[in-house]
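Observations on the three-dimensional arrangement
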Amino acid sequence: QVQLVESGGGLVQPGGSLRLSCAASGNILSIYSMGWYRQAPGKQRELVATITSGGSTNYVDSVKGRFTISRDNAKNTVFLQMNNLNPEDTAVYYCKAIIQSLSDPYPRGYWGQGTQVTVSS
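Residues numbered from 1 in each chain as written. Predicted model: local features only at pLDDT ≥ 70, side-chain atom pairs only at ≥ 80, totals over all residues. Heavy atoms only, no water.

1. Quick look at the sheet that holds strand 8 (residues 77-82)
To keep it simple, the criterion reads: Only when DSSP finds a minimum of two bridges between them are two strands counted as paired. What counts as a helix is a DSSP run of H or I of at least four residues, what counts as a strand is a run of E of at least two, and both are numbered from the N terminus. Here, axes are lines fitted to C-alpha atoms. For helices the fit covers the stretch in contact, and angles between N-to-C directions go from 0 to 180 degrees.
Spatial ordering of the open sheet is given by 1-3-8-7, a layout of four strands whose pairing is antiparallel. Looking at which strands have only one partner, the edges of the open sheet turn out to be strand 1 (2-7) and strand 7 (67-72). Taken over all neighbouring pairs, the strand axes of this sheet differ in orientation by 15° on average, direction set aside.

So, in structure tokens, the structure goes:
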């Protein structure tokens, strides 16, 4: 089995920072792209940032210049450094990874359980 476990969410004031982590574990053969998504109350889940196994990154326009995605391939972990947070960033943040496991014939997407980020004064 493959699991993704997120950590690092919480309550922060506007202008503050948080760092999210997501560690993949289990019978993993390879991890391809990894990414972060978020879902605010009453809204659809949206892509925040992705990173390939080679380190190429992509961001939604609303977080460019404020958020940085990175990964540690040796630890099967992806990070999201979030700076200058504002109330519009409040959401449940989910990590997703495209993983080839030892028990599946093809790579497939796995999701973490989500971590709440609340930006409020």
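2. Regarding the layout of surface pockets
Going by this rule: Definitions used throughout: a 1 Å grid over protein atoms alone; a cavity as a set of points that fits a 1.4 Å probe which cannot get out; a pocket as an open set with protein on both sides within 12 Å along at least five of seven lines; a lining residue as one with an atom within 4 Å of a point. Grid points are joined across faces, edges and corners, and a volume is the space filled by probe spheres set on the points. The classification used treats Ala, Val, Leu, Ile, Met, Phe, Trp, Tyr, Cys and Pro as nonpolar, Asp, Glu, Lys and Arg as charged, and all other residues, Gly among them, as polar.
Counted as a void, the largest pocket has a volume near 150 Å³. Lining the largest pocket are Arg38, Gln39, Ala40, Lys43, Gln44, Glu46, Pro87, Glu88, Thr90 and Ala91. Considering only residue class, the lining of the largest pocket consists of three nonpolar, three polar and four charged.

3. Some points on the nonpolar core
Defined as follows: In plain words, nonpolar cores are sets of buried Ala, Val, Leu, Ile, Met, Phe, Trp, Tyr and Cys residues tied together by side-chain atoms within 4.5 Å. Each residue gets one of three labels from its accessible area relative to the maximum for its type: buried under 20%, exposed over 50%, partly exposed in between, using a 1.4 Å probe on protein chains only. Whether two residues are in contact is decided by their heavy atoms, any of which lying within 4.5 Å being enough.
Trp36, Leu80, Met82, Tyr93 and Ile99 are the most contacted members of the largest nonpolar core, which totals 31 residues. Those elements giving two or more residues to this core turn out to be strand 1, strand 3 (18-26), strand 4 (28-39), strand 5 (46-51), strand 7, strand 8, strand 9 (91-101) and strand 11 (115-119). A per-element tally of this core places strand 9 first, with five residues. Excluding anything up to four places from it in sequence, Met82 contacts Gly16, Ser17, Leu18, Leu20, Arg66, Phe67, Tyr93 and Val117.

4. Comments concerning the side chain of Thr90
For clarity, the threshold we go by: Pairs of N or O atoms are called polar contacts if they sit within 3.5 Å, as long as, within protein, a hydrogen donor faces a hydrogen acceptor (for residues adjacent in sequence, only side-chain-to-side-chain pairs).
When you line up the elements, Thr90 lands in the loop between strand 8 and strand 9. Here the side chain of Thr90 touches Pro87 through a polar contact of 3.0 Å, landing on its backbone oxygen. There is a polar contact of 2.9 Å between the side chain of Thr90 and the backbone nitrogen of Val119. Residues in contact with Thr90, not counting those within four places in the same chain, are Ala40, Gln116, Val117, Thr118 and Val119.

5. Details of the packing of aromatic side chains
We count it as follows: Between rings of Phe, Tyr and Trp, where Trp is taken as its six-membered ring, a pair exists when centres lie within 6.5 Å; planes separated by under 30 degrees are stacked, by over 60 edge-to-face, and by other angles tilted. In this scheme, Lys NZ or Arg CZ marks a charge over a ring once it lies within 6 Å of the ring centre and within 35 degrees of the ring normal.
In the structure shown here, the tally under the stated rule is two aromatic pairs. On the numbers, 6.4 Å between centres and 85° between planes, the contact of Tyr94 with Trp111 is edge-to-face. Taken together, the positions of Tyr94 in strand 9 and Trp111 in strand 10 (residues 108-111) put the pair 17 residues apart, joining distant regions of the chain. A cation sits over an aromatic face here: Arg19 above Phe79, 4.1 Å from the ring centre.

6. Side note on unusual backbone geometry
Its identity as a non-glycine residue notwithstanding, Asn76 has a phi of 50°, on the positive side. Residue placement: Asn76 occurs in the loop between strand 7 and strand 8. Owing to a relative accessible area of 25%, Asn76 belongs among the partly exposed residues under this scheme. For Asn84, which is not a glycine, the phi torsion comes out positive at approximately 50°. Summarising the element assignment, Asn84 is placed in the loop between strand 8 and strand 9. Judged by relative accessible area, Asn84 falls into the partly exposed class, the value being 47%.

7. Some remarks on the pairing of strand 11
Only one face of strand 11 is buried: it carries Thr115, Val117 and Val119, and the other face, with Gln116 and Thr118, is open. For strand 2 (residues 10-12) and strand 11, the ladder comprises three bridges, and the chain directions are parallel. Paired with Leu11 across the two strands is Thr118, which belongs to strand 11. Note that strand 9 and strand 11 share three bridges and pair antiparallel. Bridging from a neighbouring strand, Val92 pairs with Gln116 of strand 11.

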